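# Working through the structure, step by step
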Amino acid sequence: MPKVTYIDQDGARREVEAQVGETVMEAAVRNQVPGIEADCGGACACATCHVYVHADWTKVTGNASEMEEDMLDFAYDVRENSRLSCQLRVSEELDGLVVTTPERQF
Amino acid sequence: MAETPVETDALIIGAGPIGLFAVFELGLVDIRAHVVDILDRPGGQCAELYPEKPIYDIPALPVVSGQELTDRLIEQSKPFAPQFHFGQIIETLTRCQDGRWLTVSDLGTRFLARVVVIAAGGGSFQPKRPPVPGIEAFEGRSVFYSIRRMDSFAGRRVLIVGGGDSALDWTLALQPVAEKVTLMHRREQFRGAPGTVARVMELAGQGKVDFRLGQVTGLHGHDGQLEAVAARGADGEFDIACDVLLPFLGLTMKLGPVIDWGLELEDGHIVVDVATFETSLPGIFAIGDINTYPGKLKLILSGFHEAALMAHHAHGIVFPGERLVFQYTTSSSSIHKKLGVA
């Protein structure tokens, strides 16, 4: 199973086993990773599952869709590598993905 | 306020799908309702968060959008003529000597209700604050999340932050009034209506509106009066001199005043009896996402079920001593009369 690592603002790393087909948000919620709130439950409607994709992975994850960019307007401290983790679908290709959770989800 | 209170059998707090269905279920047992919501229209999260997004787990509707579900629920509630009070939030709840509940909204509207049904979902929608330390000190004085009087911005330097219709519309509206209007957004694309975007960009091209790319990082000023806003953009940090900051960064859900009403809570949810959906206070019910009980699932369909059971119990409070005969909408002639299909 692909592994995804979530790093929080204090630098603490949490590696979880994600299932192919679920989202990076769902893998976080299922494994009780703190720092991802996902208020809307994954509808790309709240911007509370914001993460920064590690530089090594931005090519693989690609760019945010227009809808996702619109929602990112509501996130805090949005950067070049900002994504909503509910829009990142886990695949074998993403095995080893590293994301950082922001200081806050608004 | 000396105004006469609105007297009603039931007051429903929240006009989301569950609040709307509660109108119907209460109506079937002859309980009429007034409905209060902080938004300016019905639908709650369905209308605010995902009007166009599909919902797949409403029984018998394989797929329905949040807006369509809202529209259908309003249609279904029509025979019972609910009276809506939008754009306000219930702040206080007090028990009267006769057992009724007096509630007061932030606009001063008072309701006297036999039963109160809290169907407030994830809480009330409130404007998102820019996450800047110390912003509270400026709120209401030089930081505003809504605009009541445009002329109060005459002669002032206004910074509007955001990329949706509110930010764009207020940029256009305040440009002729304010001394200077700056619009700041984190990127060059806007979520607003294309025509509005074009007009704002035209004003920016003419130098009548300043458009900056960036995000707020700090506030400068004292005693609640802003002098400048610190921001960060692609090309680094900068300050924007301004007297007023208007952030339009969307809405977030907050539990709100409900937590101070003395209801038994658990992890930010209202504890209810699963047979009646009554809270720890008599005559106060909680249904939908805002309640909790063993096995609770935050599903719209669960909220519908809760509304039906709540209504049957509320009947005993509104009509004490009257026996409620359980009836089906398919076959009951008295229900048909109520629905106007007889």
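Residues numbered from 1 in each chain as written. Chains lettered and ligands numbered in written order. Predicted model: local features only at pLDDT ≥ 70, side-chain atom pairs only at ≥ 80, totals over all residues. Heavy atoms only, no water.

## Overview of the overall build of chain A
Stated precisely, the cut-off is as follows: Only runs of H or I of at least four residues qualify as helices and only runs of E of at least two qualify as strands under DSSP, and these elements are numbered from the N terminus. Here, two residues are considered to be in contact whenever any of their heavy atoms come within 4.5 Å of each other. Residue exposure ignores everything except the shown protein chains as possible cover, and the areas themselves are Shrake-Rupley values with a 1.4 Å probe. Counted charges follow a simple rule, with Lys and Arg positive, Asp and Glu negative, and His plus the chain ends left uncounted. Where a charge sits is defined by one atom per residue type, namely NZ (Lys), CZ (Arg), CG (Asp) or CD (Glu).
Along its length, chain A carries three helices and five strands. Helices and strands in chain A line up, N terminus first, as β-β-α-β-α-α-β-β. Summarising its shape, the C-alpha atoms of chain A cover approximately 30 × 25 × 25 Å along the three principal directions. Long-range contacts, defined here as pairs at least 24 residues apart, represent 64% of the contacts in chain A between residues at least 6 apart. Total accessible area on chain A is roughly 5,100 Å²; 42% of this is exposed by carbon and sulfur atoms. The distance from the centre of the 9 positive side-chain charges to the centre of the 20 negative ones in chain A is 4 Å.

## Some points on the interface of chain A and chain B
Defined as follows: Joining two parts hides part of their accessible area as seen by a 1.4 Å probe, and the buried area is that hidden amount summed over both. Every case where a carboxyl oxygen of Asp or Glu lies within 4 Å of a side-chain nitrogen of Lys or Arg is listed as a salt bridge. For this analysis, a polar contact is any N or O atom pair within 3.5 Å, provided that within protein one partner can donate a hydrogen and the other can accept it, and provided that sequence-adjacent residues contribute only side-chain to side-chain pairs. Think of it as three bins: nonpolar holds Ala, Val, Leu, Ile, Met, Phe, Trp, Tyr, Cys and Pro, charged holds Asp, Glu, Lys and Arg, and polar takes everything else, Gly as well.
Contacts between the two partners involve 16 residues from chain A and, on the opposite side, 14 residues from chain B. Of the roughly 1,500 Å² buried at the junction of chain A and chain B (both faces included), carbon and sulfur atoms supply 52%. Counting across the interface, chain A meets chain B through six salt bridges. The shortest N-O distance in the salt bridge between Arg187(B) and Asp70(A) comes to 2.6 Å. Linking chain A with chain B are 10 residue pairs in polar contact (both at pLDDT 80 or more), by the criterion used here. In terms of residue class, the side of chain A that touches chain B is made up of 11 nonpolar, no polar and five charged.

## With respect to the nonpolar core
Residue and element names in this part refer to chain B. To keep things clear, this is the line we draw: Nonpolar core, defined: a set of buried Ala, Val, Leu, Ile, Met, Phe, Trp, Tyr and Cys residues in which side-chain atoms within 4.5 Å join the residues together. Only protein chains enter the accessibility calculation, which uses a 1.4 Å probe. A residue is then buried if its area is under 20% of the maximum for its type, exposed if over 50%, and partly exposed in between.
Core analysis: the largest hydrophobic core is formed by 65 residues, its most contacted members being Ile12, Leu26, Leu69, Ile118, Ile287 and Met310. If you tally residues by element for this core, the top one is helix H1 (residues 17-28), at eight residues. With residues up to four places along the chain from it excluded, the contact list for Ile287 reads Ile18, Ala22, Val117, Ile118, Ala119, Phe277, Glu306, Ala307 and Met310.

## A short note on the side chain of Thr182(B)
Tracing the backbone shows Thr182(B) in strand S11 (residues 180-185). Beyond its immediate stretch of four places on either side in the chain, Thr182(B) contacts Val158(B), Leu159(B), Ile160(B), Asp210(B), Arg212(B) and Ile240(B).

## Let's talk about the sheet that holds strand S19 (residues 269-271) of chain B
Strand pairing within a sheet occurs via backbone hydrogen bonds; the two strands may be parallel or antiparallel. Residues and elements named next belong to chain B. Note the following rule: Here, any two strands with at least 2 DSSP bridges between them count as paired.
If you trace the three strands from one edge of the open sheet to the other, you get S18-S19-S21, paired in mixed fashion. Each edge of the open sheet carries a strand with a single partner, namely strand S18 (265-266) and strand S21 (291-292). The pairing of S19 with S21 spans two bridges and is parallel. By the bridge assignment for S21, Ile270 is matched with Asn291.

## Focus on unusual backbone geometry
Across residues other than glycine, the phi torsion is negative in most instances, and most of the peptide bonds are trans. All names here are of chain A. Although it is not a glycine, Gln32 adopts a positive phi angle of roughly 55°. As for its placement among the helices and strands, Gln32 is situated in the loop between helix H1 (24-30) and strand S3 (50-53). Looking at Gln32, the relative accessible area reads 70%, which means it is exposed. Of note in this structure, Asp77 is not a glycine but carries a positive phi near 50°. Relative to the assigned elements, Asp77 resides in the loop between helix H3 (66-72) and strand S4 (82-84). With a relative accessible area of 16%, Asp77 lands in the buried category.

## Description of the environment of Ala311(B)
Residue and element names in this part refer to chain B. Note on placement: Ala311 falls in helix H6 (residues 300-318). Among the residues examined, Ala311 registers a relative accessible area of 0% and is labelled buried. Taking the C-alpha atoms as reference points, Ala311 and Ile270, separated by 41 residues in sequence, lie 18 Å from one another. The residues contacting Ala311, other than those within four sequence positions of it, are Glu25, Leu26, Val29 and Ile31.

## As for the sheet that holds strand S2 (residues 13-17) of chain A
Residue and element names in this part refer to chain A. Keep this limit in mind: To define axes, lines are fitted to C-alpha atoms, for helices over the stretch in contact only, and angles between the resulting N-to-C directions are given on a 0 to 180 degree scale.
Sheet architecture is open: five strands sit in the order S2-S1-S5-S3-S4, paired in mixed fashion. Here the strands that pair on one side only, and so sit at the sheet edges, are S2 and S4. Geometrically, the sheet is characterised by an average inter-axis angle of 35° between neighbouring strands, direction not taken into account. In terms of strand pairing, S3 meets strand S5 (residues 97-100) through two bridges, oriented antiparallel. Looking at the pairing, Val53 lines up with Val99 of S5.

## Side note on the packing of helix H4 (residues 165-174) of chain B against helix H5 (residues 194-205) of chain B
All names here are of chain B. For clarity, the threshold we go by: An angle below 35 degrees is read as roughly parallel, one above 145 as roughly antiparallel, one from 65 to 115 as roughly perpendicular, and any other as oblique. Crossing handedness: left-handed means the near helix sits turned counterclockwise from the far one by under a right angle, and right-handed means the same turn made clockwise.
Axis separation between H4 and H5 bottoms out at 10 Å; the angle between their running directions is 45°. With respect to each other, H4 and H5 are oriented oblique. Read as a crossing pair, H4 and H5 show a hand that is left-handed. Packed against H4, whose contacting residues are Leu168, Asp169, Thr171 and Leu172, the element H5 presents Thr196, Val197, Arg199, Val200 and Leu203 at the interface. Counted by class, the contact of H4 with H5 contains five nonpolar, two polar and two charged residues.

## Here we look at the confidence of the model for chain B
Interpretation of the predicted coordinates at a detailed level should be avoided for regions scoring low in pLDDT. Heads up, the condition is: pLDDT: the predictor's confidence for each residue, scored from 0 to 100.
Looking at chain B, the pLDDT average stands at 93 and 99% of residues meet or exceed 70. Under the prediction, the complex receives an ipTM of 0.75, its pTM being 0.75.

## Regarding the packing of aromatic side chains
Residue and element names in this part refer to chain B. The criterion, for reference: Two aromatic rings, drawn from Phe, Tyr or Trp (for Trp, its six-membered ring), form a pair once their centres lie within 6.5 Å of each other, and the interplanar angle then sorts them: stacked below 30 degrees, edge-to-face above 60, tilted otherwise.
What the rule picks out here adds up to eight aromatic pairs over all chains. With a centroid separation of 5.5 Å and 75° between ring planes, the pair formed by Phe277 and Tyr293 is classed as edge-to-face. One end of the pair, Phe277, is in the loop between S19 and strand S20 (284-286); the other, Tyr293, is in the loop between S21 and H6, and 16 residues separate them in sequence. Tyr293 carries the same exposure label as Phe277, and that label is buried. Here the aromatic rings of Phe326 and Tyr328 are separated by 5.2 Å at their centres, their planes lie at 85°, and the arrangement is edge-to-face. Look at Tyr328 and you get exposed, because its relative accessible area is 54%. An aromatic cluster is defined as three or more aromatic residues linked by ring pairs; in this entry it consists of Phe21, Phe24, Phe80 and Phe304.

## What about the pattern of salt bridges?
The final tally for this structure, using the stated rule, is 25 salt bridges over all chains. In this structure, Glu22(A) and Arg30(A) form a salt bridge, with 2.7 Å as the shortest nitrogen-oxygen distance. Judged by its relative accessible area of 10%, Glu22(A) is buried. Salt-bridge contacts for Glu69(A) lead to Arg186(B); the nearest nitrogen and oxygen are separated by 2.7 Å. With Glu69(A) in helix H3 and Arg186(B) in the loop between S11 and H5, the pair connects residues from two separate chains. Its relative accessible area of 25% is what places Glu69(A) among the partly exposed residues.

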